[in-house]
Amino acid sequence: MDQDELAAIRAKRMAELQQQMGGGGNEAQQKQQQEAQARQEEMKNSILAQVLDQSARARLNSIALVKPEKAKMIEGMLCQMATTGQLPGKYERRRVMDSDDEDDY
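- Per an unreviewed UniProt entry, the recorded name for the chain is Programmed cell death protein 5, and the organism is Holothuria leucospilota.
- Taken from UniProt, the Sequence similarities (unreviewed entry) comment for the chain reads in full: "Belongs to the PDCD5 family."

Structure, rendered in structure tokens:
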């Protein structure tokens, strides 16, 4: 083998190793993102459990079945209000229904 062939083989092997290392890091990064999403979801559920009574939570779940984007908006609004101290107590079903513009569910 001459020097050019040897250099080409080394370069090819180096590229393979870098790709493997990059792929492994990508998997670790995806795992971290999934864990962060799971923690965020758990925190959201914890906040909602604190600020919604059982009937309000059931109402929010029924809204989520029909209009998931609207339920996410309400959940986000409730979590934000709870974390900033704007909620005086637990939300009841009537208050969740009042925060919903349409009552066609």
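### Details of the overall build of the chain
And then number 1: A tally of helices and strands in the chain yields four helices and zero strands.
And then number 2: In sequence order, the secondary structure elements of the chain are arranged as α-α-α-α.
And then number 3: Looking at the 105 residues of the chain, the share that counts as buried comes to 20%.
And then number 4: Taking all contacts inside the chain whose residues are at least 6 apart in sequence as the whole, residues at least 24 apart take part in 70%.
And then number 5: Looking at the chain as shown, the accessible area adds up to about 8000 Å², and 50% of this sits on carbon and sulfur atoms.

### Topic: helix α2 (residues 54-66)
And then number 1: The end-to-end C-alpha distance of α2 is 19 Å, a good match for the 18 Å that 13 residues give at a rise of 1.5 Å each.
And then number 2: Those residues of α2 not exposed but buried are A56, R59, L60 and I63. What you see down the axis of α2 is that its buried residues fit within an arc of 100 degrees, all on one side. Exposed residues lying more than 90 degrees from the buried face of α2 are Q54 and L65.

### Re helix α3 (residues 68-83)
And then number 1: Between its terminal C-alpha atoms α3 stretches 22 Å, which fits the 22 Å expected from 16 residues at 1.5 Å a residue.
And then number 2: Among the residues of α3, K70, A71, I74, E75, L78, C79 and M81 are the ones counted as buried.
And then number 3: G85, located one to two residues past α3, shows a positive phi value of around 80 degrees.

### Focus: the environment of T83
And then number 1: In this structure, T83 sits in helix α3.
And then number 2: Residue classification places T83 among the exposed positions, given a relative accessible area of 57%.
And then number 3: Within the local environment of T83, its side chain forms a polar contact with the backbone oxygen of Q80, the two atoms lying 3.0 Å apart.

Definitions and cut-offs
- Residues numbered from 1 in each chain as written.
- Predicted model: local features only at pLDDT ≥ 70, side-chain atom pairs only at ≥ 80, totals over all residues.
- Heavy atoms only, no water.
- UniProt positions renumbered as here; feature names shortened; annotations may be inferred.
- Helix = DSSP H or I, 4+ residues; strand = E, 2+ residues; numbered from the N terminus.
- Buried < 20%, exposed > 50% of the residue type's maximum accessible area, 1.4 Å probe, protein only.
- Contact = heavy atoms within 4.5 Å.
- Areas by Shrake-Rupley, 256 points an atom, 1.4 Å probe, with all protein chains shown as cover.
- Expected span 1.5 Å × (residues − 1).
- Arc of directions from axis to C-beta.
- Polar contact = N/O pair within 3.5 Å; in protein donor to acceptor, adjacent residues only side chain to side chain.

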